Amino acid sequence: MSIRKIFSGGSGLDADSIIKDARKELKAPARRLFGKRILTLGGLAMLSGCDLTSDKSVNAMLRKMSSFNDDAQALLFDPNKLAPTYPESMITRPFPFNAFYDIDEVPEVDASTYRLQVGGLARGKRVWTLEELRALPQESQVTRHICIEGWSAIGKWGGVRFADFLARSGADTTAKYVAFRCADNYFTSIDMPTALHAQTLLTLTYDGQVLPPKYGFPMKLRMPTKLGYKNPKHIIAITVTNEYPGGYWENQGYNWFGGS
Ligand SMILES: Nc1nc2c(c(=O)[nH]1)N[C@H]1C(S)=C(S)[C@@H](COP(=O)(O)O)O[C@H]1N2
Ligand SMILES: [Mo]
């Protein structure tokens, strides 16, 4: 997205395109919440102490807006509201692959030696094998995955309700964040209300088959309430924490809450 272009800098400053991006970044619900008046370049600049004369100053302003947007999205998130589900006939075939690398670099995770580590604020079971995860109660969903790069697709994922998994891991569900580390060094993190949402699944299957490597073997955390980049594939470690963990794209300017 274009915010990334601004962050990578180089092209000089163009106030019009910056404010256009800023408007896009501040999603509709937040706009409704706070009114349209603050959405002037001068107003935003004043709020953030940005003098609009340097990349550094503009970047700082956009970062502040993004964290303001996180707070607004967190406030507006309804933990009981379900994302739309679809009939199986609407599944997108073939379902797209996406990662920060090409498909021929998808990591190969060995099922027999695989262990899922649970760390941080958790007092229960801290190491899971794939067999143990497969033995837990499973459910499935047909939902829409929305990627910030401008595509969306409907898919069917099956797995363990994440709230159930967290309970069995003795996680402190009063903590703020759940962080994920992946076999390809990707990382991301989510807010606890989303972690506990009924449609947040630790998925082990795609379209009724063992999750293939390209879609995240051995598991992908699937959240129809969040954008694609918040849905980690190939998870190897989960940490429950009160310290802001960030994420691979989030640290490069993508909005942290990432609601869809
Ligand atoms: N481990 C890992 N998870 C990831 C990514 C990644 O690069 N590595 N990319 C994210 C992005 S941006 C998207 S859109 C989805 C793509 O998932 P898919 O390949 O199953 O369509 O995975 C997300 N999770
Ligand atoms: Mo994405």
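Owing to the predicted nature of the structure, the values given are computational and were not obtained by experimental measurement.

Criteria and cut-off values
- Residues numbered from 1 in each chain as written.
- Chains lettered and ligands numbered in written order.
- Predicted model: local features only at pLDDT ≥ 70, side-chain atom pairs only at ≥ 80, totals over all residues.
- Heavy atoms only, no water.
- Pairing = 2+ DSSP bridges.
- Helix = DSSP H or I, 4+ residues; strand = E, 2+ residues; numbered from the N terminus.
- Buried < 20%, exposed > 50% of the residue type's maximum accessible area, 1.4 Å probe, protein only.
- Salt bridge = Lys/Arg side-chain N within 4 Å of Asp/Glu carboxyl O.
- Phe/Tyr/Trp six-rings, centres within 6.5 Å; stacked < 30°, edge-to-face > 60°.
- Lys NZ or Arg CZ within 6 Å of the ring centre and 35° of its normal.
- Core = buried A, V, L, I, M, F, W, Y, C linked by side-chain atoms within 4.5 Å.
- Contact = heavy atoms within 4.5 Å.

This brings us to the sheet that holds strand β5 (residues 177-182). In spatial order, the strands read β2-β1-β10-β5-β6; together these 5 strands make up an open sheet with mixed pairing. Here the strands that pair on one side only, and so sit at the sheet edges, are β2 (127-128) and β6 (187-191). Summarising the sheet, strand β1 (residues 116-120) and β2 pair through 2 bridges and their orientation is antiparallel. Opposite Leu116, over in β2, you have Trp128 as the bridge partner.

We now examine the pairing of β5. Burial analysis of β5 places 5 of its 6 residues in the buried class, which makes it a mostly covered element. The loop that links β5 with its antiparallel partner β6 comprises 4 residues; one of these, Asn185, has a positive phi angle of about 75°. Sheet topology note: the β5/strand β10 (residues 235-241) ladder contains 6 bridges and is antiparallel. Its bridge partner being in β10, Ala179 is matched across the sheet by Thr239.

Let us now look at the pattern of salt bridges. Counted by the stated rule, this structure contains 8 salt bridges. As a salt-bridge pair, Arg134 and Glu131 come within 3.1 Å of each other at their nearest N and O atoms. Note that Arg134 and Glu131 are positioned in helix α6 (residues 130-134) at a spacing of 3 residues, about one turn of the helix.

Let us look at unusual backbone geometry. The amide bond that connects Arg93 to the next residue, Pro94, takes the cis arrangement and shows omega of -5°. Looking at where Pro94 falls in the secondary structure, it is placed in the loop between α5 (55-76) and β1. For the bond from Phe217 to Pro218, the omega torsion is 5°, close enough to zero to count as cis. You can see Pro218 is positioned in the loop between β8 (209-210) and β9 (220-222). Of note in this structure, Asp207 is not a glycine but carries a positive phi near 50°. Tracing the sequence through the fold places Asp207 in the loop between β7 (201-206) and β8. Non-glycine residue His234 carries a positive phi angle of around 50°. As for its position among the elements, His234 is in the loop between β9 and β10. Overall, His234 belongs to the buried group, its relative accessible area being 1%.

We now examine the packing of aromatic side chains. Scanning all chains against the criterion turns up 20 aromatic pairs. Counting every residue linked through ring pairs, the aromatic cluster contains Phe100, Tyr101, Tyr186, Tyr229, Tyr248, Trp249 and Tyr254. Above the ring of Trp157, the side-chain terminus of Arg222 is found at 4.4 Å from the ring centroid. In this arrangement the basic side chain of Lys226 is found over the ring face of Phe257, its NZ or CZ atom lying 3.5 Å from the centre.

With that out of the way, let us pick up the nonpolar core. Leu116, Leu133, Phe162, Phe165 and Leu202 are the most contacted members of the largest nonpolar core, which totals 29 residues. Residue assignment for this core shows that the elements contributing at least two residues are β1, α6, α7 (162-168), β5, α8 (192-195), β7 and β10. In contact with Phe165, other than residues within four places in its own chain, are Leu116, Val118, Trp128, Leu133, Leu136, Val160, Leu202 and Ile238. Ile91, Val142, Ala153 and Tyr206 belong to the second largest nonpolar core, which has 9 residues in total.

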